[in-house]
Amino acid sequence: MNRLEQIQQVTVTAQQMRDIEGRIFAAGMPVAALMEKVAGAIVDRIIGDGGLVKHLGASILATPKNYPPNTSPLYKNFPPQFRKVTILVGPGHNGGDALVVARELHFQGFIVGIYCPFPKLKELTSQHAQYAKSLGIPFYEQIDNNLLKDCDLIIDGLFGFGLEREISDPIASAINQINQLAKPIISIDLPSGIHTDTGEVLGTAIRATHTLCLGLWKQGLLQDRALEYVGKAELIDFDIPLADIAAILGETPQIQRVTKAFALAHLPLTRPPVTHKYKMGHLLLICGSRRYAGGAILTALGARASGVGMLSIAVPESIKPLLVSHLPEALIIGCPETESGAISHLLEGIDLESYNAIACGPGLTKDATSVAKLVLDSDIPLLLDADGLNILAQMGTIPKLSKRQALTILTPHTGEFKRLFPDLPDSTQDRVNAVREASRLSSAIVLLKGARTAIATPDGSVFIVPESTPALARGGSGDVLTGLLGGLVAQSSACSCGTGVSPVSLAEIVAAGAWWHAQAGILAAQERTELGVDAFTLTQYLIPVVGSGE
Ligand SMILES: NC(=O)C1=CN([C@@H]2O[C@H](COP(=O)(O)OP(=O)(O)OC[C@H]3O[C@@H](n4cnc5c(N)ncnc54)[C@H](O)[C@@H]3O)[C@@H](O)[C@H]2O)[C@@H](O)CC1
Ligand SMILES: [K+]
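What counts and what doesn't
- Residues numbered from 1 in each chain as written.
- Chains lettered and ligands numbered in written order.
- Predicted model: local features only at pLDDT ≥ 70, side-chain atom pairs only at ≥ 80, totals over all residues.
- Heavy atoms only, no water.
- Helix = DSSP H or I, 4+ residues; strand = E, 2+ residues; numbered from the N terminus.
- Rg over C-alpha atoms; globule rule 2.2 N^0.38 Å.
- Areas by Shrake-Rupley, 256 points an atom, 1.4 Å probe, with all protein chains shown as cover.
- Lys, Arg positive; Asp, Glu negative; His and termini not counted.
- Charge placed at Lys NZ, Arg CZ, Asp CG, Glu CD.
- Donors = N, O, S within 2.8 Å, 3.2 Å for Na, K, Ca; no water.
- Tetrahedral: all angles 85-135°; square planar, octahedral: opposite > 155°, others 65-115°.
- Buried < 20%, exposed > 50% of the residue type's maximum accessible area, 1.4 Å probe, protein only.
- Pairing = 2+ DSSP bridges.
- pLDDT = per-residue confidence, 0-100.
- UniProt positions renumbered as here; feature names shortened; annotations may be inferred.
- Contact = heavy atoms within 4.5 Å.

Undergrad: For the overall build of the chain, give the residues involved together with the corresponding values.
TA: Summing up its helical and strand segments, the chain has 22 helices and 19 strands in all. Whereas a compact globule of 550 residues would reach a radius of gyration of roughly 24 Å, the chain reaches 26 Å, a difference of no more than 12%. Principal-axis analysis of the C-alpha atoms places the extent of the chain at approximately 85 × 50 × 50 Å. Of the roughly 22300 Å² of accessible surface on the chain, a fraction of 53% belongs to carbon and sulfur atoms. Measuring between centres, the 44 positive side-chain charges of the chain sit 3 Å from its 52 negative side-chain charges.

Structure (structure tokens):
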């Protein structure tokens with residue numbers, strides 16, 4: 001993995017960023033030089049070749065303006081109508097970055113105006129402000145019509161990781177006013193108002209169309225509640241030495257982004273040249289009911305894509321023919337069923353210990369309680385989803401799981417999470433913390449579904465899938481994930497040759513599987529629009545994600 005790929009996996013809190021930055025300064029890098037370097041990279045990303053302005057320009061082409069021609073060589077990159085930039089400047093170094101950007105855009109021929117309502121600025125920021133004023137760039141203390149009239153782009157440098165309390169008036173009102181303009185907004189480091197670690201909106205926040213995160217990914221940008229403010233986020237690298245990152249975060253950071261490089265280091269799981277089907281994992285799926293027969297099919301199709309060596313599927317007897325017709329390669333076990341059409345108990349003679357993993361839950365209904373109890377009492381790696389989780393919650397999650405010897409993987413959405421862990425803080429808030437706490441308490445690997453799915457291990461590691469699509473918010477896509485993960489877990493358990501997979505390496509595989517599922521959704525949405533990503537279609541896009549040979 002190259003340096004940039006390693007950097008993309010790292011996430012930091014505000015304090016960790018300060019500590020890393022502190023090491024760089026202590027080693028001799030002048031603060032002003034670093035600010036200049038960072039802001040130069042931001043300017044390049046905005047107006048350089050292939051920069052954001054070219055992309056944004058297309059959306060404002062409809063507003064013709066009569067500005068004199070701009071002769072700057074960089075200007076070839078964007079449409080002539082794109083001229084007026086408003087820059088929001090805060091009191092700290094986020095504001096300092098913004099002022100350097102303002103100066104450079106001014107030199108490139110943009111009409112720049114600055115909103116800076118703060119009487120007192122940090123010293124370096126103040127120096128940049130003084131120079132910008134000397135160049136004739138106008139400063140406004142209030143959101144003035146002159147500032148915003150005909151403005152094409154807003155650059156937000158009010159607050160970065162130094163935001164430490166709720167934003168109050170007049171800045172809060174100014175932010176709300178700016179948000180209503182529906183102009184493109186590029187936020188420097190974070191959208192001002194977003195808490196660097198938790199993603200909480202402190203009072204109010206800029207709704208950015210783009211966020212250029214500086215140096216290392218801030219954790220708050222990966223929290224679901226921040227996403228509507230973050231827009232498209234990307235990292236601006238400024239050559240932070242890996243040694244400084246490792247000195248603060250350790251060799252393996254506790255909270256990692258699941259990047260393509262990370263996932264493809266695991267996927268597809270390797271198959272030795274000489275092997276046989278049972279060596280490649282035997283997964284038992286327990287799923288479906290007369291009412292939710294489709295859920296069983298989708299789970300099984302997810303498992304199929306994992307490449308698992310053998311797939312056995314326990315379903316109620318009455319839907320066995322349906323499963324056989326969809327999955328000719330699988331061994332379908334028809335089980336006795338309740339009056340409501342749920343599995344009442346597993347067939348006599350099924351030896352749970354002969355499987356490498358069990359995935360249980362999709363479409364079961366709560367009437368399948370005895371089966372869920374049975375698998376929880378087994379000594380086999382177990383993935384629980386949907387009604388499997390609801391049944392576990394009824395039994396008492398933590399006491400029940402504390403008795404298990406083998407690894408358990410729970411894959412709740414926020415509603416199921418609440419039922420499983422009623423005493424934990426709301427997982428719609430600080431999700432990273434919630435999932436970490438849940439894993440610690442239950443000793444299970446917990447995968448909390450969401451726009452940014454997060455996976456935690458009992459020792460405190462968290463993996464966050466940083467890209468997904470709302471197209472996956474659709475019935476059945478969770479079933480596909482359960483099958484896919486079940487297959488991966490079975491294969492890795494089989495390949496560990498009885499030595500047992502460690503929770504961390506299993507969590508890495510689960511995280512890679514969650515990335516895979518999200519990427520299949522993204523690919524399907526690209527080709528078929530977000531409307532075209534039904535769960536069955538999703539299963540057809542799994543193989544292309546890892547099969548592209550990239
Ligand atoms: N970490 C790094 O390596 C680098 C950081 N840089 C920039 O520096 C930023 C961090 O700079 P700072 O630590 O100066 O912090 P900020 O610029 O984020 O803001 C801190 C300032 O805002 C004030 N403040 C905080 N919350 C407030 C509120 N609710 N209402 C009003 N005022 C409030 C503080 O008193 C302080 O003056 C980063 O986000 C980034 O943009 C870059 O310049 C260079 C490299
Ligand atoms: K900002």
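Back to the text.
Undergrad: Any chance you could break down the coordination of the potassium ion (ligand 2) for me, citing the residues and the numbers?
TA: For the potassium ion (ligand 2), the full set of protein donor atoms is N94 (OD1), D156 (O), F159 (O), I188 (O), L190 (O) and S192 (OG), at a range of 2.6 to 3.1 Å. Classification of the site at the potassium ion (ligand 2) rests on its 6 donor atoms, whose angles at the metal span 68 to 172°, yielding the label irregular. N94 gets classed as buried once you look at its relative accessible area, which sits at 9%. Taking relative accessible area as the criterion, L190 reaches 0% and is therefore assigned buried.

Undergrad: Could you give an account of the sheet that holds strand β7 (residues 210–214), with specific residues and numbers?
TA: Ordered by their spatial adjacency, 7 strands build an open sheet running β4-β3-β2-β5-β6-β7-β9, and the pairing between neighbours is parallel. Either end of the sheet is taken by a strand with one partner, and the two such strands are β4 (139–140) and β9 (232–236). Judged from the 5 bridges that link them, strand β2 (residues 84–89) and strand β5 (residues 153–157) form a sheet pairing that is parallel. The partner of I87 across the bridge, within β5, is I155.

Undergrad: Before we move on, can you summarise the confidence of the model for the chain with the specific residues and values?
TA: Of the residues in the chain, 93% reach a pLDDT of 70 or more, and the chain-wide mean stands at 92. Predicted complex metrics record ipTM = 0.97 and pTM = 0.92.

Undergrad: Help me get a handle on the UniProt feature "binding site: AMP" (unreviewed entry) in the chain, residues and values and all.
TA: When the UniProt feature table is mapped onto this chain numbering, "binding site: AMP" (unreviewed entry) sits at K449, G450, A451, R452, T453 and G478. Across 30 residues in sequence, these annotated residues keep their C-alpha atoms within 14.1 Å of one another, forming a single compact spot. Accessibility expressed as a relative area gives 36% for A451, which makes it partly exposed. Among the secondary structure elements, G478 is positioned in helix α19 (residues 477–495). Discounting chain neighbours no more than four positions away, the residues touching G478 are D385 and K449.

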